[in-house]
Structure formats: structure tokens, C-alpha cells
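Remarks on the overall topology
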Amino acid sequence: MKRYTNKEDSAEDLTTYWGRLKHFQNIISPANIFYSSEQLNEYGKILENVDKDPSIRKQYTDQQLWKMRYVVDSNIHPQLKEPVNILFRTSTFVPVNVPLAFGLAVLPPTPINQLLAQSANQTYNFMFNYCNRNASNVFSNEMLAFSYGGAVSSAVVGSLGTSWLFKKLNAPALLIRACPLFGVLIANTFNLFFARYPDFQKGIQVFDDETQEPLPGLSKEAAKIAFFRTLVTRYILPLPMFIPPIVIYFMKQAKCYPQGRGIGLALDLSLSGFFLYCGLSVGIGIFPQYLKVNPTDLESQYQNLTNSKGNKIKTIVFNKGL
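Here the residue numbering is sequential within each chain, running from 1 through the sequence in written order. Where local features are concerned, this predicted model is filtered to residues with pLDDT of at least 70; where side-chain atom pairs are given and counted, the filter is 80 or more; whole-chain, interface and lining totals use all residues. For side-chain calculations, the full set of non-hydrogen atoms in the structure is used, while hydrogens and water are omitted.

Named according to an unreviewed UniProt entry, the protein chain is Sidoreflexin originating from Paramecium pentaurelia. UniProt positions are given in the numbering used here, feature names are shortened, and annotations may be inferred rather than shown by experiment. The UniProt entry for the protein chain carries this comment under Sequence similarities (unreviewed entry): "Belongs to the sideroflexin family." The Subcellular location (unreviewed entry) field of the UniProt record for the protein chain holds the comment "Mitochondrion membrane".

This part covers a nonpolar patch on the surface. What goes into a patch is any residue over 30% in relative accessible area without a salt bridge, connected to like charges within 9 Å or, for nonpolar side chains (Val, Leu, Ile, Met, Phe, Trp, Tyr), within 5 Å. Accessible surface is estimated by sampling points in the Shrake-Rupley manner with a 1.4 Å probe; for residues, cover comes only from the protein chains shown. Only one rule defines a salt bridge in this text: a Lys or Arg side-chain nitrogen within 4 Å of an Asp or Glu carboxyl oxygen. Nonpolar side chains collect at one region of the surface, where Ile112, Leu115 and Leu116 lie side by side and expose about 300 Å² of accessible area between them. Position of Leu115 relative to the elements: it lies in helix α6 (residues 111-131). Where helices and strands are cited, they refer to DSSP runs of H or I of at least four residues and of E of at least two residues respectively, numbered from the N terminus.

To continue, consider empty space enclosed by the protein. Using only the protein atoms, space was sampled on a 1 Å grid; points where a 1.4 Å probe fits but cannot get out form cavities, open sets with protein on both sides within 12 Å along at least five of seven lines form pockets, and lining residues are those with an atom within 4 Å of a point. Grid points are joined across faces, edges and corners, and a volume is the space filled by probe spheres set on the points. Applying the stated criterion across every chain, the model contains two cavities of 30 Å³ or more. When residues of the lining of the largest cavity are traced back to their parent elements, those giving at least two are α5 (93-106), α6 and α9 (179-195). Among the elements that make up the lining of the largest cavity, the one with the highest residue count is α6 (four residues). Polarity classes work like this: nonpolar for Ala, Val, Leu, Ile, Met, Phe, Trp, Tyr, Cys and Pro, charged for Asp, Glu, Lys and Arg, and polar for all others, with Gly in that last group. Its residues assigned to classes, the lining of the largest cavity shows seven nonpolar, five polar and one charged.

Quick look at the UniProt feature "transmembrane region" (unreviewed entry) in the protein chain now. The feature "transmembrane region" (unreviewed entry), as given by UniProt, occupies residues 86-107, 145-166, 178-197, 235-251 and 263-287 in the numbering adopted here. End C-alpha to end C-alpha, residues 86-107 measures 27 Å, and it is 64% helix and 0% strand. End-to-end, the C-alpha atoms of residues 235-251 are 27 Å apart, and along that stretch the chain is 65% helix and 0% strand.

Before going further, it helps to examine the pairing of strand β2 (residues 290-293). Burial classification: accessible surface area is computed with a 1.4 Å probe over protein chains only, and a residue below 20% of its type maximum counts as buried, one above 50% as exposed, and the rest as partly exposed. Residues Leu291 and Val293 of β2 are buried on one face, while the alternating residues Tyr290 and Lys292, pointing to the opposite face, are not. Where β2 meets strand β3 (residues 316-319), four bridges bridge the pair, whose relative direction is antiparallel. In the sheet register, Leu291 faces β3, and the bridge partner there is Phe318. Two strands are counted as paired when DSSP detects at least two bridges linking them.

Before going further, it helps to examine the pattern of salt bridges. This structure, assessed with the given rule, holds five salt bridges. Where Asp62 meets Arg57, a salt bridge forms, and the shortest distance between an N and an O atom there is 2.6 Å. Salt-bridge contacts for Lys224 lead to Glu221; the nearest nitrogen and oxygen are separated by 3.5 Å. In this pair, Lys224 and Glu221 are both assigned in helix α11 (residues 220-236), three residues apart and thus about one turn of the helix distant. Lys224 sits in the partly exposed class, given a relative accessible area of 40%.

Right, here's the structure in full:
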């Protein structure tokens, strides 16, 4: 474990996938839910002052300080420095999504089930995108309404459309069960694009990696990089939630699925929660939340800049969002 300093993003090595995986497992831990606003504020103040006051530093171990940091990071927006709505924090993503995953992947993919499940899932995804967005830009009510409506409608049309097509083609039952996945993937693209659309228009704030000072202007190129990296993550995140139906299918074929309705429901929900947890940490661990790029990857205005220390800026960092 690294020695704690507020200049470090994690106790783990975020340049490696394994380090990011362990880092995000700490971030998404449902155990981080059970902290009050007062505790979050207290932890934030301790972490803010620990590098400045040696007497405060001596009161805590590195492990305790990193624990506080993970609790804060999983509940507080990194730019706004305010608590995210409790339903849309990374710490609550898994428990909130268990019933959504159950509706999408485990319930029979009838038109009514898909309509209700896709609508609920995209409503949650939209709010999660918005609450964890890069906060460089402000969203109009019209843009938010258009984004939300487009995400829900594309999810329903994509899901029902692929279901109709597969049935016409007499596709295997397992493939038909996966139809809601296609709706989710289509909607995730639409949802994320319109949630980030103002970023494409105006750009996002970028920082010097050495001093963490904000650089002048906003970068559209950084916004594009952040979008496509996040989109890859959003394609991977829903995949594990469609593993439980496969497991359940083969358990029923092998006649080892529980007979009791209550026990069967508990097993279905447990499988959904387990694979959601695995999928979330595996998916968001692919890329760091704070991306580091060469100035030549961005607009010409960010090349050949110097920071407050007089050093040439070699690395630029920005918040990818979740």
C-alpha cells in the first residue's frame, strides 16, 4: 500500500489493470453506503488537512487514511465536492441494479416485461450518467429531456426489435433471452452520447498533471477521448447481468434448480448481484477515471505550455467521468 498523500489518486498502482481493478472494488463496495453526510464532511476535512498538519497525520495510519479516501470518493462528486444523490453513487450501484438486472435478464422477455424493465433501467442509467458527469458544462432542461426520451425509446425499440427478428429467424431460445441486451447496448450509446453532448460542443476542463492547475479554455478533443473510453466501459458493464439466465437455464436442464419459489427467487437475485459486482469492477477498471494524455493529443493551444513552476507541461489530465 502506498503512503497516503492527497496528491495520489489511489492506494493501488493505477497504471496497471490489476491495480485499477482493486481500486474500483474499493470504490464500489456497498459497505461505503453507510456513512452520514457529517461523517463524509469530517473525512473530507481530515484528508484535506492531513498533508498540511503533521500532528493530524500522526493520528492515523495509511490504511485508515486510504479507507477514508475511498469512502469519500465513492460518495462525493470529484469536481463538485458535494455528495452525489445516494441512489446514483458508485457505492450503491450494485444493490440498486439487482432488481433492474433481474427484470432485464431473468424475467421472461415478454413485450410488457421488456417495456417496463428497459424504461426503469435507462431511467437509472440516465440519472447515473448525469450525477457522475464531468461537471465542466451545464445541461439545459430541453437537452436532458431529449436525452432521456431517446435513451428509453431506443432501449425499448432495440430490445423488442431484436426479439421480433430472432423469433422470425427461429433463433435458439437462449439467443432470444439475450434480446434485452441489444436494447441496453443501443440505449447506452444513445444515453451516454446525449449526456455528454454539451461536452462535445464546448469541451471539458483539463489540468496540468504536475501541479493539478486548470489549463485555460476547454478541450473538445479531451471530451471525445473521455466519451469513447467511457463507451467501451458501458458496453462491458451490462454483459455480466445476462450470465445468470444462462446459469439458470443449464441448472434447470440438469434438474438442479431449486423447486421452492422463494428459494429460486433468492438464487436469481443472488446471481444477479454477484455478476453485477464482478462486471462493474471489471468494466470500470479498464480505464482510469482520470485520463492522462500527451498535449499533442489535444488542441494546439495546449502544446508548448509551461506551468507555475516554469516547467514545460508534458502530461495533461482530465476527469473521464463514469
